[in-house]
Amino acid sequence: MLIELANHNEDIRRLLDKGYALRVDGGSLVVRDIPYLDAAKALQWGAFVAKLVFIDKVRVQQDDHQVYFAGSVPHGLDGKPVPNLAGGPRRIPLEKNDVVVQRSFSNKPSGGFANFSDKIEHYVQLISGPAMSLHDVTPLTFRVDHDVAAGSAFKFHDTLTSRAELGDLAAVFKNDIVAVIGLGGTGAYLLDFLVKTPVKEIRGFDGDAYYVHNAYRSPGRLQEDELGKGKADVYRLRYENFREGLTVHQMYITEESANELVDVTFAFVCVDKGSARSEIFDLLIRLKIPFIDVGMGLDRKQGALSGTLRATYYSTATASQVRDMQLAEMADHPEDLYRTTVQISELNALNACLAIIRYKQLRGFYVDDSAAYHVLMGVESLRIFAERTE
């Protein structure tokens, strides 16, 4: 990623060619090996961090005139803190923990900075100048780290995560291989949410074809040439330009599908047939894969639709016990109103939201005060009921 940015941004190329120890970490440019003096005029080493604003996949610009600093307060040759450095204590979580931001600096010259090269060199002169003079050291160490964030799942940079300074939270998904079993209404929305989540790999499974009614229960566009194709082909083409690690299989998951789920760390079950759900549960419990099962039940009351959305979590430790509670339908109901009600995409999306939020709570991305294994939401009341572990 660093070399790619340098090839398309002359200011980063200049820093790299001069020998600065550059790294791209998430949405930030990190400049390591920055020498400075402490209060005793002893030599210390820090790092600058500057946020990258992506114009497109390969071109970047500055966020503002500030930089962030991993290090203590820098001092001058007189033993006093370097003057005219506004800012203060600040933390920015990075994906690699050898650089820990402690403060920000703000020293804007007249006219500001034209580019990253001007900005970094300006702060180097202010902060490293005394150490370079006293200890005969240089920040030009040519230590380039090409590997950080090289394994990003996304083909476009996740700029919002870096701007919100949530890189450490996004990293909780990096080793997950997630299966979405069933790509009907709710499963299609779950796939859409997961595509934009930095999990390592997503595997989707559905043996059905894509028809007009599927378009009313799924996110995104409808192109006429998609109709009649397998859902796997439709969704793969829809999302393959967004991320790596996405495979969508034109098949149903049954008790005999263990090979398809090798290395899967979490699964979502999104099927509307109880008999299929039963087989899938047997397989996932046998393979010790934790999963969330989703479902909804609808009927008509006084001419209007009413019903309940459900998301039930089956952990590896309690899956068999939760299954025995019969919280999910394990038998087929041909007259189920849900199967014939088309215009409910908002309910499918909401059901998917309940499931993905619960998953992200389990991973530590969202705070989890409930420890809920069973979440229900009533359509008529919009109230959420959660059954919790003790």
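Residues numbered from 1 in each chain as written. Predicted model: local features only at pLDDT ≥ 70, side-chain atom pairs only at ≥ 80, totals over all residues. Heavy atoms only, no water.

> Is there a simple way to think about the packing of helix α6 (residues 185-195) against helix α11 (residues 345-363) in this case?
Helix-helix packing is described using two parameters, namely the angle between the two axes and the distance between the axes. In contact at an axis separation of 8 Å, α6 and α11 are set at 50 degrees when each is read in the N-to-C sense. Considering the angle they form, α6 stands oblique to α11. Where α6 crosses over α11, the two elements pack in a sense that is right-handed. When α6 is examined against α11, the residues G185, T186, Y189, L190, F193 and L194 are found in contact with a partner set consisting of S345, N348, A349, N351, A352, C353, A355, I356 and Y359. When its residues are assigned to classes, the contact of α6 with α11 shows 10 nonpolar, five polar and no charged. (Axes fitted to C-alpha atoms, helices over the stretch in contact; angles between N-to-C directions. Helix = DSSP H or I, 4+ residues; strand = E, 2+ residues; numbered from the N terminus. Parallel < 35°, antiparallel > 145°, perpendicular 65-115°, else oblique. Left-handed = near helix turned anticlockwise from the far one by under 90°. Contact = heavy atoms within 4.5 Å. Nonpolar A, V, L, I, M, F, W, Y, C, P; charged D, E, K, R; others polar.)

> I would appreciate a short explanation of the domain arrangement of the protein in the present structure.
Domain boundaries assigned for the protein yield domain 1 (1-149) and domain 2 (159-388). A C-alpha centroid distance of 43 Å is found between domain 1 and domain 2. (Domains from an automatic or database assignment.)

> Would you mind showing me how to read the UniProt feature "domain: THIF-type NAD/FAD binding fold" (unreviewed entry) in the protein here?
Mapped onto this structure's residue numbering, the UniProt feature "domain: THIF-type NAD/FAD binding fold" (unreviewed entry) falls at residues 177-296. Helix makes up 32% of residues 177-296 and strand 20%, with an end-to-end C-alpha separation of 26 Å. (UniProt positions renumbered as here; feature names shortened; annotations may be inferred.)

> Please clarify how the side chain of T312 should be interpreted in this entry.
Following the sequence through the fold, T312 ends up in strand β13 (residues 304-314). One polar contact links T312 to R310, side chain to side chain, over a distance of 2.9 Å. (Polar contact = N/O pair within 3.5 Å; in protein donor to acceptor, adjacent residues only side chain to side chain.)

> I'm lost on the nonpolar core in this one. Help?
The tendency in soluble globular proteins is for nonpolar side chains to be buried side by side. Core analysis: the biggest nonpolar cluster contains 42 residues, and L191, L194, F268, I292 and Y359 have the highest contact counts within it. Take this core: its biggest share by element is seven residues, from α11. Residue contacts for L194: discarding those within four places in its chain leaves V178, V180, V199, I202, R243, F268, I356 and Y359. By size, the runner-up hydrophobic cluster in this structure holds 29 residues, among which are L5, Y20, V67 and F105. (Core = buried A, V, L, I, M, F, W, Y, C linked by side-chain atoms within 4.5 Å. Buried < 20%, exposed > 50% of the residue type's maximum accessible area, 1.4 Å probe, protein only.)

> I'm lost on unusual backbone geometry in this one. Help?
In most cases, non-glycine residues show a negative phi, while peptide bonds are predominantly trans. At D263, a residue that is not glycine, the phi angle is positive and equals roughly 75 degrees. Residue placement: D263 occurs in the loop between β10 (246-249) and β11 (266-269).

> Help me understand the pattern of salt bridges in this model?
Opposite charge on two side chains permits pairing when their charged atoms draw close. Tallied over the full model, the rule gives 16 salt bridges. Across the pair K18 and E121 runs a salt bridge, and its minimum N-O distance is 2.9 Å. Taken as a pair, K18 in helix α2 (residues 10-18) and E121 in helix α3 (residues 116-135) lie far apart in primary sequence, 103 residues in all. By relative accessible area, K18 is classed as partly exposed at 38%. (Salt bridge = Lys/Arg side-chain N within 4 Å of Asp/Glu carboxyl O.)

> Even after reading the chapter, I still don't get the packing of aromatic side chains, so can you show me in this structure?
Here a ring pair, both rings aromatic, is described through the centre-centre distance and the interplanar angle of the planes. A complete count under the given rule lists 16 aromatic pairs for this structure. Between F266 and Y359 the ring centres are 5.0 Å apart and the planes differ by 50 degrees, which places this aromatic pair in the tilted class. Linking F266 in strand β11 with Y359 in helix α11, this pair joins segments that are 93 residues apart in sequence. The exposure class of F266 is buried, given its relative accessible area of 0%. Positioned above the aromatic ring of F365, the side-chain terminus of K360 is 5.3 Å from the ring centre. (Phe/Tyr/Trp six-rings, centres within 6.5 Å; stacked < 30°, edge-to-face > 60°. Lys NZ or Arg CZ within 6 Å of the ring centre and 35° of its normal.)

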